Amino acid sequence: MKKLILSFLFFFTFTVSSQPLNAYQQCNANIELLRGDLLSMLKKIPGMPPIGEVYRAARERYEALQKMRDAMDMNSCLVESERVLRITKPYSRRR
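What counts, and at which threshold
- Once a new chain begins, its residue numbering starts again from 1 and follows that chain's sequence as written.
- Given that the model is predicted, a residue must reach a pLDDT of at least 70 before its local features are reported, and side-chain atom pairs must reach 80 or more before they are shown or counted; all residues, however, enter totals for whole chains, interfaces and linings.
- Side-chain measures here rest on the full set of heavy atoms in the structure, leaving out hydrogens and waters.
- Per-residue confidence from the predictor is reported as pLDDT, a score between 0 and 100.
- Secondary structure elements are taken from DSSP: a helix is a run of H or I of four residues or more, a strand is a run of E of two residues or more, and numbering for both begins at the N terminus.
- Contacts were defined at the residue level, with two residues in contact if any of their heavy atoms lie within 4.5 Å.
- What qualifies as a polar contact is a pair of N or O atoms within 3.5 Å, subject to a donor-acceptor requirement within protein and to the restriction that residues adjacent in sequence count only when both atoms come from side chains.
- To estimate the expected span of a helix, subtract one from its residue number and multiply by 1.5 Å.
- With a 1.4 Å probe rolled over the protein chains alone, any residue whose accessible area is under 20% of its type maximum counts as buried; one over 50% counts as exposed, and the rest are partly exposed.
- Working definition of a nonpolar core: buried Ala, Val, Leu, Ile, Met, Phe, Trp, Tyr and Cys residues. They are joined through side-chain atoms within 4.5 Å.

1. Side note on the confidence of the model for the protein chain
Then comes step 1: Model confidence for the protein chain is summarised by a mean pLDDT of 84, while 78% of its residues fall at 70 or above.
Then comes step 2: Ranking the elements of the protein chain by mean pLDDT puts helix 1 (residues 2–44) last with 74 and helix 2 (residues 51–70) first with 94.
Then comes step 3: Overall, residues 12–17 carries pLDDT values under 50, and its contacts beyond four positions in sequence, including any with other chains, amount to zero contacts.

Right, here's the structure in full:
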């Protein structure tokens, strides 16, 4: 009986602790995608100055997302990063 309880506790601890890691990894992946979008947009600003306004706003959100990630606020990071990535996708020509 004692082994069963210990097994259950170990399994429960492993599943609970692995969940935030996945959210952290997804948040980090979204931040990296946004970084790539920003680099792509930065190259296009000389030829298309209006992209500069979108770039500045996205850059501010990029920095805010990094702070959310560092503060371990994964729910906000995931929601906000998905929203920003939908906006920057057409400007960066990401597939």
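2. Examining the side chain of S81
Then comes step 1: By secondary structure assignment, the location of S81 is in helix 3 (residues 74–92).
Then comes step 2: Of note is the side chain of S81, whose polar atom sits 2.8 Å from the backbone oxygen of C77.
Then comes step 3: Beyond its immediate sequence surroundings of up to four residues, S81 is in contact with N30 and L65.

3. Side note on helix 2
For an α-helix, the turn length of 3.6 residues means that residues three or four places apart are oriented alike.
Then comes step 1: Between its first and last C-alpha atoms helix 2 spans 28 Å; for 20 residues at 1.5 Å apiece the expected length is 28 Å, and the two agree.
Then comes step 2: Residues I51, G52, V54, Y55, A58, Y62, A64, L65, M68 and R69 constitute the buried set of helix 2.
Then comes step 3: Of the residues flanking the end of helix 2, it is M72, one or two places downstream, whose phi is positive at about 60°.

4. Comments concerning the nonpolar core
Then comes step 1: Counting residues in each nonpolar core, the largest one holds 17 residues, and the members touching the most others are I31, L34, L38, M41, L65 and C77.
Then comes step 2: Elements that contribute at least two residues to this core include exactly helix 1, helix 2 and helix 3.
Then comes step 3: Ranked by residues supplied to this core, first place goes to helix 2 with seven residues.
Then comes step 4: Those residues in contact with L65 that sit more than four places away from it in its chain are I31, L34, C77, E80 and S81.

5. What about the environment of E32?
Then comes step 1: Considering the arrangement of structural elements, one finds E32 in helix 1.
Then comes step 2: E32 sits 30 residues away from Y62 along the chain, and the two C-alpha atoms are 9.4 Å apart.

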